[in-house]
Structure formats: C-alpha cells, structure tokens
Amino acid sequence: MTSLSPNLKARLAKPLKIGHFEVKSRVLQSPLSGVTDLVFRRLVRRHAPDSMMYTEMVNATGLHYVKQLPKIMEVDPNERPISIQLFDCRPDFLAEAAQMAVAEGADTVDINMGCPVNKITKNGGGSSLLRDPETAEAIVRAVVKAVKIPVTVKTRIGWTDQEINILDFAKRMEAAGAQMITVHGRTRAQGYNGPAKWEWIGRVKEILSIPVIANGDMFSVDAAVRCLEQTGADGVMCSRGTLGYPFLVGEIDHFLKTGTEKVKPTPIERLECAREHLQMLWEYKGDRGVRQARKHMTWYAKGFAGAADLRGQLSVIENVAQGLVIIDRGIDRLAHSGWQEIEESESQLVEA
Ligand SMILES: Cc1cc2nc3c(=O)[nH]c(=O)nc-3n(C[C@H](O)[C@H](O)[C@H](O)COP(=O)(O)O)c2cc1C
C-alpha cells in the first residue's frame with residue numbers, strides 16, 4: 001500500500017506556479033497524438049477537475065499555410081487549465097501559431113521537443129531539437145516574445161545514451177524564457193522502450209528554478225509517489241497509463257491531496273466509460289470519430305475474462321450502433337457472470 005510522507009504532502013500542497021499562472025494540481029494529463037482530443041480530455045477532467053491537460057500536438061507550419069483552426073486545436077471554453085502543444089522547427093511559424101493558441105483560449109503554450117517519430121524529426125521538429133539547442137532556444141525566445149501566456153517545453157533526456165544532454169538543454173530552455181519543463185526520462189533512441197531514467201529528471205530539478213515535471217512510466221499512484229520522492233520534481237505527467245483509463249490522473253491527484261486511494265472502477269464501469277467515449281466521439285467527429293474510437297475501445301476492454309474476444313470485436317466496428325451493441329453485450333455478460341480479473345501481458349493487448 002502506497003503512503004504519502006508528510007514531507008511530500010507539504011511540498012505539493014502549494015499550487016503549481018507556471019510563470020504567473022497557478023494550477024491546483026500536481027498531476028498533468030500529457031499530450032497524446034490521436035488520443036487527447038476534446039472528448040478524451042472531458043472524460044479525464046471529470047475525475048481530475050484541477051489538472052492541466054494538453055491538446056494533441058499541432059503542426060505550426062500547417063497552421064501558417066492553412067490559417068484555419070484544426071479540430072485537434074479546439075478547446076472547450078469551460079475546460080481549464082489547458083495547454084495547447086505545438087511542434088515545428090521554425091521560430092516565426094511557432095510564434096504565429098502560439099498567438100492562435102492564445103486566441104483559442106490556451107492558458108499556456110507548450111513546445112514539443114521530444115517526439116521521436118521520423119516524420120517529425122526529419123523536418124527538424126520534436127526530439128531532433130535536442131541536437132540543435134540553438135534553434136530550440138530561438139524557438140522559445142520567439143514564442144515568449146509573441147505571447148503573454150507562459151511558454152513551456154516538453155522534451156526527452158537526449159538523442160541516444162551516448163548523447164544525454166538534458167542538463168545543458170534544460171538550462172538553455174530556462175534561460176531562453178521557458179516557464180516550465182517536462183522531462184520524459186527516455187532518450188529518442190529508446191522510443192517508449194526500457195524503463196524511464198528518472199535519475200536524470202532529479203538532476204534537472206537540482207539545477208533549475210522553474211518547475212520540472214516528471215514524465216515516463218507514470219502508470220499508477222505508487223509510481224507517481226515513488227517518482228516524486230526520487231526526483232524532487234514539482235509534478236508528474238501521465239501518458240500511456242491513461243489509454244483506456246481516463247481515471248488515472250484523478251486517482252493520483254486525489255492521493256496527493258488526501259493520502260487516501262480512490263476506489264478503482266470495476267470492469268463494468270470501465271466499459272460504461274468506453275460506451276460514453278464512443279458515443280461522444282461519434283457526436284463530435286462523426287464516422288471518423290468511430291474509426292478513431294476502435295483503438296480506445298480495445299484499450300478499455302482489458303483485465304477480465306473474455307476481454308480478448310471483446311477487443312477483437314471492438315477493433316473492427318463499422319458504426320456507432322454496432323459498437324454500442326457490442327459494449328452493451330460485454331457489460332451484460334460481466335453483470336451476469338460476475339467478473340474475474342485476469343492479468344494480460346502487453347503483447348496480448350497489442351495483438352487485438
Ligand atoms: C500514442 C502516443 C501519442 C503521443 N503523442 C504525444 C504528443 O502529441 N506530444 C508529446 O509531447 N508527447 C506525445 N507522446 C509522448 C507521451 O506524452 C509521453 O511523453 C510518453 O508516452 C512517456 O510517458 P509514459 O511512459 O508514461 O507513457 C505520445 C505517446 C504516445 C504513446
């Protein structure tokens with residue numbers, strides 16, 4: 001059973017200060033491309049009303065040429081605090097995009113300097129900026145100059161194990177005007193594999209004055225507490241742990257505020273959430289939303305007998321009505337047979 005030390009509780013009791021902006025939670029929902037749209041954030045927010053959330057990353061070059069707000073940048077006026085995340089390598093385009101983010105209602109603007117995907121790095125964006133700190137600095141300076149809201153950076157610890165440069169890089173971001181930095185404790189070469197190296201996050205925290213947020217392997221309340229203890233970070237950011245589980249940020253936030261663990265949702269409650277998620281995605285995006293919902297649905301259906309079969313069916317749904325029928329059947333089966341919790345390996349989950 002996880003326990004909250006008085007020291008940690010006291011340290012985290014104050015609001016998180018991002019420049020002049022205050023957030024009443026030390027747990028953040030990360031930007032997740034293809035996932036953290038307005039619908040998903042609404043589900044997370046229900047359990048974590050105080051937490052900072054992020055849009056999916058938005059391409060600043062795309063915004064420059066199209067000049068039209070893409071759906072992934074849409075923010076609900078009632079959802080606060082909210083950060084819009086941008087990626088690119090051109091300081092002028094990013095500055096312009098940041099102004100559009102302000103107009104859309106962002107509380108902060110975050111620059112993605114951690115994405116490992118080739119399509120992004122070969123154009124000089126995402127984690128490739130770790131290898132080009134001068135451009136990264138120029139980006140932060142240009143965006144800070146363009147907007148009055150705080151500018152933050154999300155990055156990794158380096159390009160490869162041989163090129164871990166996060167200490168110098170983070171210092172440079174702070175000097176350029178970043179008001180907070182989130183460090184994913186993996187190198188670009190690691191992708192999402194191997195454990196996150198939280199020790200580097202602790203070292204970054206030691207040398208910066210701005211808040212440092214720890215990211216990587218934040219899959220449970222226990223992980224978040226261990227990470228906060230080990231690193232001294234100002235907060236934690238949850239990512240893959242929220243896929244099919246929009247309860248996680250709220251669970252950690254509740255624990256850090258009260259020292260007690262929330263009762264976890266049952267498989268039936270998780271499927272009810274999946275049902276609502278599917279319905280909302282369809283209402284928000286139509287048939288495209290249903291196609292996007294397939295992966296979400298398979299993430300919800302796990303950890304109980306019969307889950308693999310349910311995932312198989314949900315991964316190929318063609319329309320909302322079909323998806324709802326399959327989920328309702330799953331709920332019915334669980335309600336009548338009682339549910340038996342089972343451990344499933346990651347590979348079983350990915351196969352579905
Ligand atoms: C499906 C997916 C999409 C992601 N999209 C983004 C993104 O748009 N912007 C970003 O900064 N990081 C993105 N990330 C990285 C995560 O925010 C996070 O840094 C990473 O998953 C490490 O945390 P974890 O080990 O707890 O998952 C993405 C990760 C995944 C798995």
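Only a predicted model underlies this, so the values are computations on that prediction, with no experimental measurement involved. (Residues numbered from 1 in each chain as written. Predicted model: local features only at pLDDT ≥ 70, side-chain atom pairs only at ≥ 80, totals over all residues. Heavy atoms only, no water.)

A.B. asks: Outline the domain arrangement of the chain, supporting the account with residue identities and numerical values.
C.D. replies: Annotation of the chain at the domain level lists domain 1 (6-258) and domain 2 (267-351). The gap between the C-alpha centroids of domain 1 and domain 2 is 29 Å. Taken together, the contacts link 16 residues of domain 1 with 15 residues of domain 2. Between domain 1 and domain 2, the buried area comes to about 1,400 Å², and carbon and sulfur atoms account for 66% of it. Per-residue buried area on domain 1 facing domain 2 is highest for Val39, Lys71 and Gly244; these three make up 34% of the total on that side. Across the domain 1-domain 2 interface, the total number found is 2 salt bridges. (Domains from an automatic or database assignment. Contact = heavy atoms within 4.5 Å. Buried area = accessible area lost by both parts, 1.4 Å probe. Salt bridge = Lys/Arg side-chain N within 4 Å of Asp/Glu carboxyl O.)

A.B. asks: Describe the packing of helix 11 (residues 267-285) against helix 14 (residues 320-337), naming the residues involved and giving the relevant values.
C.D. replies: Between helix 11 and helix 14, whose axes approach to 10 Å, the crossing angle comes to 170 degrees. Between helix 11 and helix 14, the crossing angle belongs to the class labelled roughly antiparallel. Between helix 11 and helix 14, the residues in contact are Pro267, Ile268, Leu271, Glu272, Ala274, Arg275, Leu278, Gln279 and Trp282 and Val320, Gly323, Leu324, Ile327, Asp328, Gly330, Ile331, Leu334 and Ala335, respectively. (Axes fitted to C-alpha atoms, helices over the stretch in contact; angles between N-to-C directions. Helix = DSSP H or I, 4+ residues; strand = E, 2+ residues; numbered from the N terminus. Parallel < 35°, antiparallel > 145°, perpendicular 65-115°, else oblique.)

A.B. asks: How would you sum up helix 9 (residues 221-231)? Please name residues and give values.
C.D. replies: An α-helix turns once every 3.6 residues. As a result, residues three or four positions apart point the same way. Within the span of helix 9, buried status applies to Val221, Ala223, Ala224, Val225, Cys227, Leu228 and Thr231. The inward-facing, buried residues of helix 9 abut helix 1 (6-13), helix 8 (198-207), strand 10 (212-215), strand 11 (235-238) and helix 10 (248-258). (Buried < 20%, exposed > 50% of the residue type's maximum accessible area, 1.4 Å probe, protein only.)

A.B. asks: I'd love a proper account of the pattern of salt bridges, names of residues and values included.
C.D. replies: Note that side chains of opposite charge can pair when their charged atoms are close. One pass over the structure, following the stated rule, counts 22 salt bridges. Residues Lys17 and Glu22 are paired through a salt bridge, measuring 4.0 Å at the closest nitrogen-oxygen approach. Residue classification places Lys17 among the partly exposed residues on the basis of a relative accessible area of 48%. The class for Glu22 is partly exposed, based on a relative accessible area of 45%. Here Asp222 ties to Arg226 by a salt bridge, and the two come within 3.1 Å at their closest N and O atoms. Of this pair, Asp222 and Arg226 both sit in helix 9, 4 residues apart, which is roughly one turn of the helix.

A.B. asks: Can you break down the side chain of Ser128 residue by residue, with the values?
C.D. replies: Relative to the helices and strands, Ser128 is located in the loop between helix 5 (118-121) and helix 6 (133-146). In terms of polar contacts, Ser128 uses its side chain to reach the backbone carbonyl oxygen of Gly125, at 2.8 Å. Residue contacts for Ser128: discarding those within four places in its chain leaves Thr121 and Trp159. (Polar contact = N/O pair within 3.5 Å; in protein donor to acceptor, adjacent residues only side chain to side chain.)

A.B. asks: Any details on the site of the ligand? Residues and values, ideally.
C.D. replies: Neighbouring the ligand are 17 residues, the closest being Ser33, Gln85, Asn215, Asp217 and Arg240. Lys154 is positioned such that a nitrogen or oxygen atom in its side chain is 2.8 Å from an oxygen atom of the ligand. Here an oxygen atom of the ligand and a backbone polar atom of Asp217 are 2.8 Å apart. Relative to its free-state accessible area of 610 Å², the ligand is covered by the protein chains to the extent of 89%. (Near = heavy atom within 4 Å. Areas by Shrake-Rupley, 256 points an atom, 1.4 Å probe, with all protein chains shown as cover.)

A.B. asks: Outline helix 7 (residues 166-176), listing residues and values.
C.D. replies: Considered for burial, the residues of helix 7 that qualify are Ile166, Phe169, Ala170, Met173, Glu174 and Ala176. Across the axial projection of helix 7, the buried residues extend over an arc of 165 degrees, all falling on one side. Contacts from the buried residues of helix 7 go to strand 7 (108-113), helix 6, strand 8 (151-158), strand 9 (180-187) and helix 8. (Arc of directions from axis to C-beta.)

A.B. asks: Account for the packing of aromatic side chains, naming residues and giving values.
C.D. replies: If you walk through the whole model with that rule in mind, you get 2 aromatic pairs. Taking the centre distance of 5.9 Å and the plane angle of 90 degrees together, the rings of Tyr65 and Phe93 count as edge-to-face. With Tyr65 in helix 3 (residues 60-66) and Phe93 in helix 4 (residues 91-104), this residue pair connects regions lying 28 residues apart in the sequence. Relative accessible area serves as the criterion here: at 60%, Tyr65 is assigned to the exposed category. Of the residues examined, Phe93 reaches a relative accessible area of 5% and is grouped as buried. We note Arg90 situated over the ring of Phe93; from NZ or CZ to the ring centre the distance is 3.8 Å. In this structure, Arg156 is placed above the aromatic ring of Tyr192, and the distance from its NZ or CZ to the ring centre is 5.2 Å. (Phe/Tyr/Trp six-rings, centres within 6.5 Å; stacked < 30°, edge-to-face > 60°. Lys NZ or Arg CZ within 6 Å of the ring centre and 35° of its normal.)

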